Amino acid sequence: MHKADLRDLKVVTSKDLETAVNSGAREIVLRPRVVLTPSAKDLIRSKGLVISESSLSESETHAAGAGVGGSGVEAIFHSPEAIAIKQEMIQVGSKLWQRQFVDGNGGNISYRMGDNLVICTPTLCSKGDLTLDDLCLVDLEGKQLAGKRPRTSEILMHLEIYKAVLQAKAVVHAHPPHATAYAITGMVPAPCIIPEQEVFVGSVAISPYETPGTKAFAETVVPYAKNHNTILLANHGVVCWADTLTHAEWYMEVVDNYCRTLILASQLGAPVTRIPEKKTADLLEIKRRMGLPDPRFEMKECTLCDQPEFPGGITVCPKDCPNLCGDKKNTCLRKDPDIEALIQTITDEVLRALKLGN
């Protein structure tokens, strides 16, 4: 079996392994306690590579020098794979800012590098101004391991999603105005209206309000993260998770555009047309094949679109919603105060007219 000797590397990436595989190697010799990036581990499994360990001799160690330098964590943080992730994170931040999904230093972005390492944006930094030197590395408990600037306080929410959803590799939190408009009214957008929303985002959840940056705030998303890749944060914004940073940002765009379209449609004075439930079932099957979550997978076809009506009607509310009626389904019947006032005025006028007539 042809071997490839990669003992001079302290961090091995998928590119390193691909070079060896392309040369015909099926056994890879690595130094003890070498750091394998997540993509390298995936390639080892997919190619069935045989991994063996062997220490460098004294002369070989001297020749290899310090390698990438620093600790294993620092080596990962500055590895080619991490640099590529950071560059994608900067691009995502720029798109969020250009689309006015974040203002000031709002929003945060993260990517899970491995079982216990997460690259994230810093606190107090505009997402339109990110540079490679701004980004941070933390563990799954939120402890900062690398980076010159302090990590975002809201990384705790990202970490709760990573712990709850193993397939989540990237998390994006922002304040897109149309979706946030729903979040501050305790409403979720109705389903079964636009195909792109059904396939890429689908059913949207809303979590109860807690003070941003706290442990309690982070935990509000846990009950919803597994079955929803997009969650409205009451009185705050939106958080999306995906397999890549770019995909998480896409979901943010999809949900905000969807909410914007529904808001515009509500002004036309005509009912919104729903996609037939049979056709919705077809869209959900596409979504299932793509590996995207949706709590409606286990529902019967006749109940797929039996969700909150838009506009008005019964809407899904977070726990402790001030309008909560207390039923087991955690829904509430919202009343339009303007309509209530109008009804009262008409009633008063009718009663006054009747009295005058007598």
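Residues numbered from 1 in each chain as written. Predicted model: local features only at pLDDT ≥ 70, side-chain atom pairs only at ≥ 80, totals over all residues. Heavy atoms only, no water.

Engineer: It is not clear to me how the overall build of the chain should be interpreted in this structure. Could you clarify?
Structural biologist: Per the secondary structure count, the chain includes 13 helices and 15 strands. Residues counted as buried form 44% of the 358 residues belonging to the chain. In the chain, the proportion of contacts linking residues at least 24 apart, taken out of those at least 6 apart, comes to 62%. Carbon and sulfur atoms make up 55% of the accessible area of the chain, which totals about 18300 Å². (Helix = DSSP H or I, 4+ residues; strand = E, 2+ residues; numbered from the N terminus. Buried < 20%, exposed > 50% of the residue type's maximum accessible area, 1.4 Å probe, protein only. Contact = heavy atoms within 4.5 Å. Areas by Shrake-Rupley, 256 points an atom, 1.4 Å probe, with all protein chains shown as cover.)

Engineer: I'm lost on the pattern of salt bridges in this one. Help?
Structural biologist: Pairs can form between side chains of opposite charge whenever their charged atoms are close. Counted according to the given criterion, the structure contains 15 salt bridges. Salt-bridge contacts for Arg296 lead to Asp294; the nearest nitrogen and oxygen are separated by 3.0 Å. When sorted by exposure, Arg296 lands in the same class as Asp294, which is buried. Residues participating in the shared-partner salt-bridge network are Lys95, Arg99, Glu249 and Glu253. (Salt bridge = Lys/Arg side-chain N within 4 Å of Asp/Glu carboxyl O.)

Engineer: Where do I start with the packing of aromatic side chains in this structure?
Structural biologist: Counted by the stated rule, this structure contains 0 aromatic pairs. Residue placement shows Lys86 over the ring face of Phe77; its charged tip is 3.5 Å from the ring centre. Over the ring of Phe297 we find Arg288, and its NZ or CZ is 4.5 Å from the ring centre. (Phe/Tyr/Trp six-rings, centres within 6.5 Å; stacked < 30°, edge-to-face > 60°. Lys NZ or Arg CZ within 6 Å of the ring centre and 35° of its normal.)

Engineer: Would you mind going over the sheet that holds strand 10 (residues 170–174) with me for this structure?
Structural biologist: Read from one edge to the other, the open sheet built from 8 strands follows the order 9-8-7-6-10-13-12-11, with strand pairing classed as mixed. Among the strands making up the open sheet, the edge pair consists of strand 9 (144–146) and strand 11 (205–207). In this sheet, adjacent strand axes meet at a mean angle of 25° when their direction is disregarded. Where strand 11 and strand 12 (residues 230–233) come together, 3 bridges link them in parallel fashion. When the bridges of strand 12 are listed, Ala205 appears paired with Ile231. (Pairing = 2+ DSSP bridges. Axes fitted to C-alpha atoms, helices over the stretch in contact; angles between N-to-C directions.)

Engineer: Before we go on, may I ask you to explain the nonpolar core in this structure?
Structural biologist: Side chains of nonpolar character tend, in soluble globular proteins, to be buried together. Grouped together as the largest cluster of nonpolar side chains are 49 residues, with contacts concentrated most on Leu96, Ile109, Ile119, Leu232, Leu245 and Met252. Sorting the residues of this core by element identifies helix 4 (72–77), helix 5 (80–98), strand 6 (108–112), strand 10, helix 7 (177–183), strand 13 (237–242) and helix 11 (245–265) as the ones contributing at least two each. Here the element with the most residues in this core is helix 11; it accounts for 8 residues. Setting aside residues up to four positions removed in sequence, Ile109 forms contacts with Met89, Val92, Gly93, Leu96, Ile119, Cys120, Thr121, Leu130, His158, Val171, Val172 and Leu245. In this structure, Ala218, Val221, Ala225 and Leu233 belong to the second largest nonpolar core, which totals 23 residues. (Core = buried A, V, L, I, M, F, W, Y, C linked by side-chain atoms within 4.5 Å.)

Engineer: Where do I start with a nonpolar patch on the surface in this structure?
Structural biologist: A cluster of nonpolar side chains, Ile346, Val350, Leu351 and Leu354, forms an exposed patch at the surface whose accessible area comes to about 360 Å². With respect to the helices and strands, Leu351 occurs in helix 13 (residues 337–357). (Patch = residues over 30% accessible without salt bridge, like charges linked within 9 Å, V, L, I, M, F, W, Y side chains within 5 Å.)

Engineer: I keep staring at helix 1 (residues 14–22) and nothing clicks. Help me out?
Structural biologist: Because each turn of an α-helix spans 3.6 residues, side chains separated by three or four positions in sequence point in the same direction. Of all the positions in helix 1, only Ser14, Leu17, Ala20 and Val21 are classed as buried. Taken end-on, helix 1 shows its buried residues confined to a sector of 125°, consistent with a single buried face. Opposite its buried face, helix 1 presents the exposed residues Lys15, Thr19 and Asn22, each directed more than 90 degrees away. Buried positions along helix 1 lie against strand 1 (3–5), strand 2 (11–12), strand 3 (27–30) and helix 2 (38–47). (Arc of directions from axis to C-beta.)

Engineer: Help me understand the side chain of Thr37, please; the structure alone is not making it clear to me.
Structural biologist: Following the sequence through the fold, Thr37 ends up in the loop between strand 4 (35–36) and helix 2. The residues contacting Thr37, other than those within four sequence positions of it, are Val11, Val12, Thr13, Ser14, Ser79 and Glu81.

Engineer: Help me understand the packing of helix 1 against helix 2 in this model?
Structural biologist: Between two packed helices, both the angle of their axes relative to each other and the distance between the axes serve to describe the pair. It is at 8 Å that the axes of helix 1 and helix 2 come closest, and there the two elements cross at 30°. For the pair helix 1 and helix 2, contact is made by Ser14, Leu17 and Glu18 and by Ser39, Ala40, Leu43 and Ile44, respectively. Of the residues in the contact of helix 1 with helix 2, the class split is 4 nonpolar, 2 polar and 1 charged. (Nonpolar A, V, L, I, M, F, W, Y, C, P; charged D, E, K, R; others polar.)

Engineer: What am I meant to see in the environment of Asn108 here?
Structural biologist: Its location among the elements puts Asn108 in strand 6. Judged by its relative accessible area of 3%, Asn108 is buried. Residues Asn108 and Val239, spaced 131 residues apart in sequence, show a C-alpha to C-alpha distance of 9.3 Å. When near neighbours in sequence (up to four residues on either side) are disregarded, Asn108 contacts Thr121, Lys127, Thr152, Glu154, Met157, His158, Val171, Val172 and His173. A distance of 2.9 Å separates the side chain of Asn108 from the side chain of Glu154, its partner in a polar contact. (Polar contact = N/O pair within 3.5 Å; in protein donor to acceptor, adjacent residues only side chain to side chain.)

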